[in-house]
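Below are the chains, spelled out letter by letter.
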Amino acid sequence: MIKELYDRLSYALIGCVLGAILAVILWFLYDKGFSIRVRGPQLHMDLQSWIKYCGGGFAILGFLFKDNVGTLLGFSGAEVYRHEAYRVPVGEVLFGLAIIAVAAGLWYYFR
């Protein structure tokens, strides 16, 4: 039991540190206005708030999902890159939201 708690806390620390790195990237892009896709600063939070929310969120995810926190961080970083590098068609976003809504409805119906 102690080993499992130690593992979960270790993954929470990893999630916090890597989430803080992602927070610095997000702060640079969206708070300082260096995003290619977004014109000017859109969010007005200080760096400490970005690190607190992003790092803390990924720390919680690391505690809950253990080694899958790396996958979640990778997907988050890839989506930031995808948003900055490519244009995502609106139809693709709507299709993705429809898939999520249908999956949530099926999960709620069959639970």
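Owing to the predicted nature of the structure, the values given are computational and were not obtained by experimental measurement.

Novice: Honestly, the side chain of Ser 49 in this entry has me stumped. Any pointers?
Specialist: Residue placement: Ser 49 occurs in helix α2 (residues 47-65). Take Ser 49: its relative accessible area is 16%, and that puts it in the buried class. Polar side-chain contacts of Ser 49 include one of 2.6 Å to the side chain of Asp 46.

Novice: Teacher, can you tell me more about the nonpolar core here?
Specialist: Soluble globular proteins: nonpolar side chains tend toward being buried together. Grouped together as the largest cluster of nonpolar side chains are 12 residues: Leu 22, Ala 23, Leu 26, Leu 29, Tyr 30, Val 38, Trp 50, Cys 54, Phe 58, Val 69, Leu 73 and Val 80. Secondary-structure elements contributing two or more residues to this core are α1 (2-31), α2 and α3 (69-85). Residue contributions to this core peak at five residues, all from α1. Those residues in contact with Phe 58 that lie beyond four places of it in its chain are Gly 15, Cys 16, Gly 19, Leu 22, Val 69, Leu 72, Leu 73 and Ser 76.

Novice: What's the story with the packing of α2 against α3 in this structure? I'm lost.
Specialist: Think of two packed helices as two axes; the pair is described by the angle between the axes and how far apart they sit. Taken N-terminus to C-terminus, the directions of α2 and α3 make an angle of 140°; their axes are 8 Å apart at the nearest point. Classified by the angle their axes make, α2 and α3 are oblique. For the pair α2 and α3, contact is made by Phe 58, Leu 61, Gly 62 and Phe 65 and by Val 69, Leu 72, Leu 73 and Ser 76, respectively. Each residue belonging to the contact of α2 with α3 can be placed in one class, and the counts come to six nonpolar, two polar and no charged.

Novice: Honestly, the state of the cysteines in this entry has me stumped. Any pointers?
Specialist: When the sulfur atoms of two cysteines share a covalent bond, that bond is a disulfide. Per the counting criterion, the structure on display carries zero disulfides. You can see Cys 16 has no disulfide; the closest cysteine sulfur is in Cys 54, sitting 9.6 Å from it. What makes Cys 16 partly exposed here is its relative accessible area of 31%. Looking at Cys 54, the relative accessible area reads 13%, which means it is buried.

Basis of the calculations
- Residues numbered from 1 in each chain as written.
- Predicted model: local features only at pLDDT ≥ 70, side-chain atom pairs only at ≥ 80, totals over all residues.
- Heavy atoms only, no water.
- Helix = DSSP H or I, 4+ residues; strand = E, 2+ residues; numbered from the N terminus.
- Buried < 20%, exposed > 50% of the residue type's maximum accessible area, 1.4 Å probe, protein only.
- Polar contact = N/O pair within 3.5 Å; in protein donor to acceptor, adjacent residues only side chain to side chain.
- Core = buried A, V, L, I, M, F, W, Y, C linked by side-chain atoms within 4.5 Å.
- Contact = heavy atoms within 4.5 Å.
- Axes fitted to C-alpha atoms, helices over the stretch in contact; angles between N-to-C directions.
- Parallel < 35°, antiparallel > 145°, perpendicular 65-115°, else oblique.
- Nonpolar A, V, L, I, M, F, W, Y, C, P; charged D, E, K, R; others polar.
- Disulfide = S-S within 2.5 Å.

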